[in-house]
Amino acid sequence: SLRDTQDQEILAYHWQPTGKVTFRHLHLGPGAHIGRRDLAKAHLPTGRVRLEDFLRLVITELGVRPRRKDWAKTLTALS
């Protein structure tokens, strides 16, 4: 999951194979400021999302500052 500076969830990937919703899915939390209750409560289907892909997303698309200068090389090595 990804949270903002006020600790509001922006987005979260879930997979609970024995739960009520058994497929991999994404939630858009209050921190996403989407303004639609139906979409905020929806289980948006996804495939498997690798951790390194999620980290690349938050660094390149959402402006999160990486802790290491060689982050791209490190993530590529994990792929």
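Residues numbered from 1 in each chain as written. Predicted model: local features only at pLDDT ≥ 70, side-chain atom pairs only at ≥ 80, totals over all residues. Heavy atoms only, no water.

Caption draft 1: Seen up close, the sheet that holds strand β2 (residues 9-14). A sheet is described by the order of its strands in space; here 4 strands give the open sequence β1-β2-β3-β4, paired in antiparallel fashion. Two strands close off the open sheet at either side, each with one partner strand: β1 (2-3) and β4 (44-45). Strand direction decides the pairing type here: β2 and strand β3 (residues 25-28), joined by 4 bridges, are antiparallel. Bridge pairing in β3 places H14 opposite H25. (Pairing = 2+ DSSP bridges. Helix = DSSP H or I, 4+ residues; strand = E, 2+ residues; numbered from the N terminus.)

Caption draft 2: Local environment of the nonpolar core. Counting residues in each nonpolar core, the largest one holds 7 residues, listed as L2, L11, L26, L28, F54, V58 and I59. Where this core is concerned, the elements lending two or more residues are β3 and α2 (51-60). Here the element with the most residues in this core is α2; it accounts for 3 residues. When neighbours within four sequence positions are excluded, L26 is seen to be in contact with L11, A12, Y13, A42, H43, L44 and T46. (Core = buried A, V, L, I, M, F, W, Y, C linked by side-chain atoms within 4.5 Å. Buried < 20%, exposed > 50% of the residue type's maximum accessible area, 1.4 Å probe, protein only. Contact = heavy atoms within 4.5 Å.)

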